[in-house]
Amino acid sequence: MTATHSTRMLILGSGPAGLSAAIYGARAGLAPIVVQGIQPGGQLMTTTDVENYPGFREVIQGPWLMQEMQAQAEHVGAQMLWDTIVEVDVSQRPFRMVGDSGTVYVGDTLVIATGAQARWLGLDSEELLKGKGVSACATCDGFFFRGKKVAVIGGGNTAVEEALYLTNHSHDVTLIHRRDSLRAEKILQQRLFANDKITTLWNKKVERFIDGGGVAGLVGIELKDMVTGELSTLEVDGGFVAIGHHPATELFRGHIALDQDNYITVDKGTTRTSVPGVFACGDVMDKHYRQAITAAGTGCMAALDAERFLAEADFEQVAEAAE
Ligand SMILES: Cc1cc2nc3c(=O)[nH]c(=O)nc-3n(C[C@H](O)[C@H](O)[C@H](O)COP(=O)(O)OP(=O)(O)OC[C@H]3O[C@@H](n4cnc5c(N)ncnc54)[C@H](O)[C@@H]3O)c2cc1C
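Note that the coordinates shown come from a computational prediction; the quantities given were computed from them, not determined experimentally.

### What to know about the overall build of the chain
And then number 1: When its secondary structure is counted, the chain shows 7 helices and 19 strands.
And then number 2: On C-alpha atoms alone, the chain measures out to a radius of gyration of 22 Å, which is about the 20 Å that the 2.2 N^0.38 rule sets for 323 residues.
And then number 3: Taking the principal axes of its C-alpha atoms as reference, the chain extends roughly 75 × 40 × 40 Å.
And then number 4: Across the 323 residues that make up the chain, the buried fraction comes to 41%.
And then number 5: For the chain, long-range pairs separated by at least 24 residues make up 62% of all intrachain contacts whose partners lie at least 6 apart in sequence.

### Some remarks on the site of the ligand
And then number 1: If you check the shell around the ligand, you find 40 residues, and the closest are Gly15, Gly37, Gly42, Gly115 and Gly282.
And then number 2: Looking at the shell around the ligand residue by residue, the class counts come to 21 nonpolar, 17 polar and 2 charged.
And then number 3: Summarising the domain contributions, the shell around the ligand has at least three residues from each of domain 1 (4-117 + 246-322) and domain 2 (120-241).

### A short note on the UniProt feature "domain: FAD/NAD(P)-binding" (unreviewed entry) in the chain
And then number 1: According to UniProt, the "domain: FAD/NAD(P)-binding" (unreviewed entry) feature falls on residues 8-299.
And then number 2: Taken end to end, residues 8-299 has its terminal C-alpha atoms 16 Å apart, with 22% of it in helix and 29% in strand.

### Side note on the pairing of strand β8 (residues 104-112)
And then number 1: Sheet analysis places strand β1 (residues 4-12) next to β8, joined by 8 bridges and oriented parallel. Pairing of Ser6 across the sheet is with Val106, part of β8.
And then number 2: As paired elements, strand β7 (residues 95-99) and β8 share 4 bridges and run antiparallel to each other. What sits directly across from Val98, in β8, is Val104.
And then number 3: Turn length for the β7-β8 hairpin, with the two strands adjacent in sequence and antiparallel, is 4 residues, and the turn residue Gly102 shows positive phi of about 95 degrees.

### Brief notes about unusual backbone geometry
And then number 1: For the bond running from Arg93 to Pro94, omega is -5 degrees, close enough to zero to count as cis.
And then number 2: Here Pro94 is to be found in the loop between β6 (85-89) and β7.
And then number 3: Positive phi values are uncommon outside glycine, yet Ala31 reaches one of about 40 degrees.
And then number 4: Within the secondary structure, Ala31 is located in the loop between α1 (16-27) and β2 (33-35).
And then number 5: Using a count of 14 C-beta atoms within 10 Å as the deciding quantity, one classes Ala31 as partly exposed.

### Section: the nonpolar core
And then number 1: Core analysis: the biggest nonpolar cluster contains 50 residues, and Ile11, Ala21, Val111, Ile112 and Cys281 have the highest contact counts within it.
And then number 2: The set of elements that each furnish at least two residues to this core consists of β1, α1, β2, α2 (62-75), β7, β8, β19 (278-280) and α7 (292-322).
And then number 3: Not counting residues within four places of it along the chain, the set of residues in contact with Cys281 comprises Ala17, Ala21, Val111, Ala113, Thr271, Ala295, Thr298, Gly299, Met301 and Ala302.
And then number 4: Judged by nonpolar contacts, the second largest core, of 30 residues, contains Ala136, Ala151, Ala163 and Ile176.

### Side note on the sheet that holds strand β16 (residues 231-235)
And then number 1: Read from one edge to the other, the open sheet built from 3 strands follows the order β14-β15-β16, with strand pairing classed as antiparallel. Across the chains shown, the open sheet's two edge strands, defined by having one partner strand only, are β14 (204-211) and β16. Neighbour to neighbour, the strand axes of the sheet diverge by 30 degrees on average, direction disregarded.

### Topic: the packing of helix α5 (residues 157-166) against helix α6 (residues 186-194)
And then number 1: Across the interface, α5 lies against α6 with an axial gap of 10 Å and an inter-helix angle of 35 degrees. Relative to α6, the crossing made by α5 is left-handed. Judged by residue contacts, Asn157, Val160, Glu161, Ala163 and Leu164 of α5 engage Leu188, Gln189, Arg191 and Leu192 from α6.
And then number 2: Class assignment of the residues belonging to the contact of α5 with α6 gives a composition of 5 nonpolar, 2 polar and 2 charged.

### Digging into the domain arrangement of the chain
And then number 1: Taken domain by domain, the chain consists of domain 1 (4-117 + 246-322) and domain 2 (120-241).
And then number 2: Centre-to-centre, using C-alpha coordinates, domain 1 lies 33 Å away from domain 2.

### A short note on the sheet that holds strand β17 (residues 238-241)
And then number 1: Within the open sheet, the 5 strands sit side by side as β10-β17-β11-β12-β13. Their pairing is parallel. The sheet terminates laterally at β10 (134-135) and β13 (198-201), the two strands that pair on one side only.
And then number 2: Pairing geometry for β10 and β17, over 2 bridges, is parallel. For Ser135, the partnering residue across the bridge sits in β17 and is Phe240.
And then number 3: The strands touched by α5 are β11 (149-153), β12 (172-176), β13 and β17; relative to β11, the strand with the most contacts, the crossing angle is about 165 degrees.

What counts and how
- Residues numbered from 1 in each chain as written.
- Predicted model: local features only at pLDDT ≥ 70, side-chain atom pairs only at ≥ 80, totals over all residues.
- Helix = DSSP H or I, 4+ residues; strand = E, 2+ residues; numbered from the N terminus.
- Rg over C-alpha atoms; globule rule 2.2 N^0.38 Å.
- Buried ≥ 20, exposed ≤ 12 C-beta atoms within 10 Å, placed from the backbone.
- Contact = placed C-beta atoms within 7 Å.
- Near = placed C-beta within 6 Å.
- Nonpolar A, V, L, I, M, F, W, Y, C, P; charged D, E, K, R; others polar.
- Domains from an automatic or database assignment.
- UniProt positions renumbered as here; feature names shortened; annotations may be inferred.
- Pairing = 2+ DSSP bridges.
- Core = buried A, V, L, I, M, F, W, Y, C linked by C-beta atoms within 7 Å.
- Axes fitted to C-alpha atoms, helices over the stretch in contact; angles between N-to-C directions.
- Left-handed = near helix turned anticlockwise from the far one by under 90°.

What follows is the structure in structure tokens.
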């Protein structure tokens, strides 16, 4: 027989956004259910040092932070279920989801916190050196490369923004792009070209991230010239892959409004989506900041928005019944 779980607040995703929504939802008495997805704890489970999450003087570990967040959510009454949603029906309330396990989830409100994954180049050497010099987030990891040589790979807005951000820490930033012009907005390009800490390498493709062995991690990048085919090596301590992100929104296409980059759109200053009663928080609706603290902040907003939505819906129901 198919199991069914019903709740006032169904949360998809267990990263900082989903777990913060769970903490606030539970404390508002909504007994939330969190469907954790294939990556319980979200992206921070894949990293080590986190130095910018407020409240901790010393460096903390990403997986430890997420375990604490989950424990806090459970402590105040949220329920965690390990499943991945594969089907959604938000055409009427209560909303109905189906998990990979066949379990049905029914929510009076739905909080979407499914995140966005960074796109990678797909090289074996990249996989090997992730967290050992290779990163996809300058805001997260740039600080660890103070005074060192770094490179950014990409040619869009994200790549140029990451390169500019890294000049706060490094005097030697190289932007590597496989074409001879950038896709980034003109104003960003102007700022990039005016910055003497940044050098741009055109028509270069990353062949391999070079492992220095032992604790050294990344020591260089092997590049191939797209015009001549010539191979060269750029010595760097940090390599930032900035070729975009992929928001986890396939499930919602055609059901909830998405923007041109497939992020969920929300009403300005809120987490309200195009479907009343459905709220979105964290990286799945935020392509600008993409930080654990902003994900947690919007998770809090989603729970508060959902609580107010339910209070209004309940009030209207009582008022209608009384007429
Ligand atoms: C290597 C690395 C290092 C980072 N370092 C830092 C840092 O130092 N400081 C910082 O502030 N930020 C850092 N970040 C960014 C930070 O991790 C993200 O901004 C944050 O995790 C976003 O939170 P989120 O809850 O929106 O999404 P995520 O953390 O991406 O969580 C998404 C959740 O949704 C679930 N999910 C997806 N699809 C489904 C589905 N169909 N059904 C159910 N669940 C689903 C996943 O299992 C996951 O639990 C780092 C990111 C990476 C990758």
